[in-house]
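Structural characterization, general
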Amino acid sequence: ALTKFAASCPSLRSSILTLLHPSLFDEDDEARDRASLSVRLLEEVIQKRPYSEPDEEDDDEVKDEPAVDDEMACAVLHDMPMSFDKLERCMKAFVTDSGSMESSGVLTFASLPIIEDGEGDNDGEDEDLDDDIDDYADQDRASSQKKKDAADAINILQEIPELASLGRVFRSTKPVPLTESETEYVVECVKHIFEEHIVLQFIVQNTLDDQRLDNVTVAVESDDGIFEAAGEIAAECIKYGDTVNCFTVLQRNMDVPLATSNFTCELHFTVVQVDPATGEEEGEGFEEEYPLEDLSIGTSDYMARVAVPDFRSSWETMGNTHEAMDKYLLHAKTLEEAVASMVDSLGMQPCDGTGVVKAEGKSHMLHLSGVFVGGKSALVRSQLSLQSGDGVVVKIAVRSEEVGLSQILVGSVSG
């Protein structure tokens with residue numbers, strides 16, 4: 001409490017420093033540690049910003065408050081933009097990124113890699129405490145596996161010089177199936193989002209024991225003008241039962257606003273007939289094409305699920321300069337379905353436990369936060385009201401760092 005007083009009132013700092021000195025010899029370890037930190041902060045700020053009494057002849061009232069850039073006020077009065085756990089994960093991602101470690105820039109919170117929150121993080125604060133402990137263990141294992149999969153995907157890109165040169169990955173999506181799981185060629189796609197590029201990682205499995213696939217690529221086409229194919233990295237060989245990656249790089253047209261893009265996809269490869277028993281080639285290879293499902297890249301792909309420590313404070317700090325609002329009818333049978341639809345469409349993180357709808361409720365307030373590609377923070381407040389037989393009426397307000405982004409987010413749900 002004394003430290004907060006010192007941070008808030010520069011005139012009291014010298015006196016509070018005197019009061020804190022005896023606590024350096026307290027028998028309690030935690031008390032000594034806290035006192036040591038407070039004393040060090042006070043000594044540094046007093047030396048750097050010595051307090052001087054206001055001139056008595058000055059008619060203007062001088063407020064006893066810290067400067068905007070006061071180091072102690074920033075350290076004591078302002079919350080960190082992330083938890084210590086997330087800070088640790090951000091630092092681990094930072095030190096494993098060769099490009100980051102080679103940079104000579106100042107290390108700040110803004111320069112750290114974006115680490116997304118898990119789908120169950122921070123959205124179930126109102127759940128009963130007597131839930132089965134096994135459920136929590138399963139959620140922890142699933143969350144850990146997702147983090148490992150994301151790290152593995154990024155490591156794959158960093159190992160390929162042509163892709164590593166694109167810079168830091170903003171985020172990577174879950175694998176999207178482009179074929180049925182029972183087809184002869186099984187293909188999934190992971191979208192790696194960069195600020196000016198998207199790398200499509202196609203995960204291809206060969207299920208035919210009498211074929212080997214050589215020089216495997218995926219051709220993509222779209223006519224929306226937002227992206228164009230800028231390069232391919234082929235999978236040299238996929239034997240029976242193997243799963244191998246190939247990549248397509250999309251270059252973004254920065255002059256065209258982001259919107260949902262749809263791509264036609266086609267698998268291209270050379271078929272080489274082989275003996276199922278020995279794997280030896282039987283005859284010459286021939287070119288083959290195999291149509292895949294269309295691929296969509298939408299708003300949620302560009303959004304990282306990042307929670308804020310205090311939604312109300314963040315909402316007020318963001319301000320309404322770039323706010324966008326709308327009201328529409330969502331075709332959902334329940335509030336739970338409507339909440340899930342909005343979270344999925346926006347790709348944002350529920351805050352303050354609002355990701356869970358109370359039983360038998362007729363209305364619900366949803367708070368969402370996230371970071372859009374380019375490091376732009378965004379917040380959403382939405383009032384959902386269940387209408388008997390008509391769906392769910394949604395009133396949505398979006399605040400972000402750009403009015404264009406706010407409009408994109410409003411449109412991604414109403415559209």
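Our structure's up above, just so we're on the same page.
Structure report, in brief. Remember, it's a predicted structure, so these values are computed and weren't measured experimentally.

**Topic: the overall build of the protein**
On a plain count of helices and strands, the protein comes out with eleven helices and 17 strands. The buried share among the 415 residues of the protein stands at 36%. In the protein, of all internal contacts separated by at least 6 residues, the share reaching a separation of at least 24 is 63%. When the accessible surface of the protein is summed, it comes to about 24000 Å², and 48% of that surface belongs to carbon and sulfur atoms.

**Topic: unusual backbone geometry**
The phi torsion at Asn-215 lies on the positive side, around 50 degrees, for a residue other than glycine. One can find Asn-215 in strand E5 (residues 211-221). Judged by relative accessible area, Asn-215 falls into the partly exposed class, the value being 47%. For Asp-352, which is not glycine, the phi dihedral falls at a positive 60 degrees. Tracing the backbone shows Asp-352 in the loop between strand E14 (349-350) and strand E15 (363-372).

**Here's the deal with empty space enclosed by the protein**
The method is simple in principle: a probe with the dimensions of a water molecule rolls over the atoms, and the space it marks as empty is what remains. Inspection of the entire model under this criterion finds one cavity of 30 Å³ or more. The calculated volume of the largest cavity comes to roughly 30 Å³. Its residues assigned to classes, the lining of the largest cavity comprises six nonpolar, one polar and three charged.

**A word on the environment of Lys-327**
Note on placement: Lys-327 falls in strand E13 (residues 324-330). Look at Lys-327 and you get exposed, because its relative accessible area is 54%. Considered as a pair, Lys-327 and Val-394 are 67 residues apart in the sequence and their alpha carbons are 5.6 Å apart. Other than its neighbours up to four places away in sequence, Lys-327 contacts Val-393, Val-394 and Lys-395.

**A look at helix H2 (residues 13-20)**
Taken together, the buried positions of H2 are Arg-13, Ile-16, Leu-17 and Leu-20. Looking straight down H2, one finds that the buried residues subtend no more than 105 degrees of arc, so they occupy a single side. Exposed residues pointing more than 90 degrees away from the buried face of H2 are listed as Thr-18 and Leu-19. The elements touched by buried residues of H2 are helix H1 (2-8), helix H3 (29-48) and helix H4 (71-76).

**Observations regarding the nonpolar core**
Counting 62 residues, the largest nonpolar core has Leu-200, Phe-202, Leu-267, Tyr-302, Met-342 and Leu-384 as the members making the most contacts within it. It is helix H10 (residues 335-346) that provides the largest number of residues to this core, a total of six residues. Apart from the residues lying within four places of it in its own chain, the contact partners of Leu-384 are Leu-335, Ala-338, Val-339, Met-342, Lys-362, Ser-363, His-364, Leu-366, Val-392, Val-393 and Val-394. Formed by nine residues, the second largest nonpolar core is a distinct cluster that contains Ala-7, Ile-16, Leu-20 and Met-72.

**Quick look at the pattern of salt bridges**
Applying the stated criterion to the full structure yields eight salt bridges. In this structure, the salt-bridge partner of Asp-301 is Lys-191, at a minimum N-O distance of 3.1 Å. In this pair, Asp-301 sits in the loop between strand E11 (295-297) and strand E12 (303-304) while Lys-191 sits in strand E3 (residues 185-193), placing the two residues 110 residues apart along the sequence. The residues Asp-301 and Lys-191 share a single accessibility class, namely buried. Note that Glu-281 is salt-bridged to Arg-212, the shortest N-O span being 3.0 Å. Within this pair, whereas Glu-281 is found in the loop between strand E9 (261-273) and strand E10 (286-291), its partner Arg-212 is found in strand E5, the two being separated by 69 residues in sequence. Exposure remark for Arg-212: the relative accessible area of 15% places this residue in the buried category. Through salt bridges with shared partners, one network takes in Arg-212, Asp-214 and Glu-281.

The rules behind the values
Residues numbered from 1 in each chain as written. Predicted model: local features only at pLDDT ≥ 70, side-chain atom pairs only at ≥ 80, totals over all residues. Heavy atoms only, no water. Helix = DSSP H or I, 4+ residues; strand = E, 2+ residues; numbered from the N terminus. Buried < 20%, exposed > 50% of the residue type's maximum accessible area, 1.4 Å probe, protein only. Contact = heavy atoms within 4.5 Å. Areas by Shrake-Rupley, 256 points an atom, 1.4 Å probe, with all protein chains shown as cover. 1 Å grid on protein atoms, 1.4 Å probe; cavity = no way out; pocket = protein on both sides within 12 Å on 5 of 7 lines; lining within 4 Å. Points joined across faces, edges and corners; volume = space filled by probe spheres on them. Nonpolar A, V, L, I, M, F, W, Y, C, P; charged D, E, K, R; others polar. Arc of directions from axis to C-beta. Core = buried A, V, L, I, M, F, W, Y, C linked by side-chain atoms within 4.5 Å. Salt bridge = Lys/Arg side-chain N within 4 Å of Asp/Glu carboxyl O.

So yeah, pure geometry; function would need other evidence.
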